[in-house]
Amino acid sequence: MSEKIVLTGIKPTGIPHIGNYVGALKPLIEMARHNKTYMFIADLHALNTIHDAAQIRRHTYEIAALLMAAGLDLENAVLFRQSDIVQVSQLATMLMNVTPKGLMNRAHSYKASVDKNTAAGLDTDAGVNMGLYTYPVLMAADILLYGTDIVPVGADQKQHVEFARDIAGYFNKIYGETFKLPEPAIGQDTGIIPGLDGRKMSKSYDNTIPLLCPENELKKKIMRIITDSKMPDEPKDPDASTIVQLYAHFANADELADFRARFAAPGMGYGMAKTELFDKVNAALTPVRMEYERLMANPAEIDAVLAAGAEHARAVAEQTYNRVKHAMLG
Ligand code: TYM
């Protein structure tokens, strides 16, 4: 067990696809086996885009159930809902006062909105609410509240973690050493899981394989992976194949070596390769899907885990917040 404190958050905006699962969730669950980990559902961060309480609530349960079903080790990992810890909003209010406005102007997500508005000839801030604009301050509060050392995220969140580090530095400079400086940890696999068309799997390309769909739907999706028109007896390059790349994430080293060799040699057609891929993916996901469905039918079990997580997280959050309050207000 490492001494490092790991923390990460996931917004409740929908059920992740296989790319998110393999690229982000599985490595996080693995990391949580060996580190004290805070993992929370960032429902406050979902508010700048979703203005429907029922939807946020449903997605919160889905993410919690998925993490539990996928084997999150609840001995080491504290799983909680961001909004259950009131100190996070209080700390964000405090941190606003040491955060330069210019830093927020440079945030990628805000800049992307400004660029889109400018290109469309609209007011630069059209459709931008303060939740979006101050998003990085709330995220800094998330990270700093729990004495975090490492923040595993996808590349898209790297800047936010760097901002949290900057904000901690500004605070420490004025009020003395209060916060640890967190580091982002970007998974190597992150963002390169291919989708049905061979491009990065992403909802925006409509090329995803859903994580928890029924078996027949999973099979249909996998059979739709785009290939060239090589016949079964023609040699194929395993390194250029989406089928092989996906297989690699669900097989052990021996199985992969065997699959690659048979794929490259004459005899294995794409249909057969896809069927073998389906069997592997389905075998890995079936127990997760079953446990997920069981949990979703028993929300009280999820509530109990989230309540215990909140209690644990709150005890740590209170201490940090009280230190900050004392430093800033005496
Ligand atoms: P969110 O909910 O958008 O994404 C959750 C995690 O998944 C990563 N991710 C991806 N990684 C690789 N490829 C993709 N296509 C992909 N899409 C998403 C994200 O980088 C993230 O690690 N702001 C955060 C939530 C958050 C948070 C925090 C994270 C709130 N507070 C404090 C860490 C620490 C977000 O919107 O993630």
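Here the structure is a predicted model, which is why all the values come from computation and not from measurement. (Residues numbered from 1 in each chain as written. Predicted model: local features only at pLDDT ≥ 70, side-chain atom pairs only at ≥ 80, totals over all residues. Heavy atoms only, no water.)

## A look at the side chain of Arg-81
Turning to step 1, where the next piece is worked out: Structurally, Arg-81 can be placed in strand S3 (residues 77–81).
Turning to step 2, where the next piece is worked out: For Arg-81, a relative accessible area of 15% puts it in the buried group.
Turning to step 3, where the next piece is worked out: In this structure Arg-81 touches Ile-41, Asp-43, Arg-57, Thr-60 and Leu-306, once residues within four positions along its chain are discounted. (Helix = DSSP H or I, 4+ residues; strand = E, 2+ residues; numbered from the N terminus. Buried < 20%, exposed > 50% of the residue type's maximum accessible area, 1.4 Å probe, protein only. Contact = heavy atoms within 4.5 Å.)

## Describing the nonpolar core
Turning to step 1, where the next piece is worked out: Within the largest apolar cluster, 54 residues are counted, with the highest numbers of intra-cluster contacts made by Ile-18, Leu-67 and Leu-79.
Turning to step 2, where the next piece is worked out: Each of domain 1 (2–192 + 299–329) and domain 2 (203–292) contributes no fewer than three residues to this core.
Turning to step 3, where the next piece is worked out: The contact partners of Leu-67, leaving out residues within four places of it in the chain, are Ile-10, Leu-25, Ile-29, Met-39, Leu-72 and Leu-79.
Turning to step 4, where the next piece is worked out: Counting 45 residues, the second largest nonpolar core, distinct from the first, contains Ala-42, Leu-138, Ala-317 and Val-324. (Core = buried A, V, L, I, M, F, W, Y, C linked by side-chain atoms within 4.5 Å. Domains from an automatic or database assignment.)

## Quick word on the domain arrangement of the protein
Turning to step 1, where the next piece is worked out: Segmenting the protein into domains produces domain 1 (2–192 + 299–329) and domain 2 (203–292).
Turning to step 2, where the next piece is worked out: Once you take the C-alpha centre of each, domain 1 and domain 2 turn out to be 33 Å apart.
Turning to step 3, where the next piece is worked out: If you look at the interface, domain 1 gives 16 residues, while domain 2 gives 15 residues.
Turning to step 4, where the next piece is worked out: Carbon and sulfur atoms supply 73% of the area buried between domain 1 and domain 2, which totals about 1,300 Å² over both sides.
Turning to step 5, where the next piece is worked out: Three residues stand out in domain 1 for area buried against domain 2, namely His-17, Ile-18 and Ala-69, and they jointly supply 41% of the buried area on that side.
Turning to step 6, where the next piece is worked out: Applying the counting criterion to the domain 1 and domain 2 interface returns 0 salt bridges.
Turning to step 7, where the next piece is worked out: If you look at where domain 1 meets domain 2, you find 2 residue pairs in polar contact (both at pLDDT 80 or more).
Turning to step 8, where the next piece is worked out: When contributions to the side of domain 1 that touches domain 2 are tallied by element, the ones reaching two or more residues are helix H1 (18–31) and helix H3 (53–69).
Turning to step 9, where the next piece is worked out: Classifying every residue of the side of domain 1 that touches domain 2 by side-chain character gives 10 nonpolar, 3 polar and 3 charged. (Buried area = accessible area lost by both parts, 1.4 Å probe. Salt bridge = Lys/Arg side-chain N within 4 Å of Asp/Glu carboxyl O. Polar contact = N/O pair within 3.5 Å; in protein donor to acceptor, adjacent residues only side chain to side chain. Nonpolar A, V, L, I, M, F, W, Y, C, P; charged D, E, K, R; others polar.)

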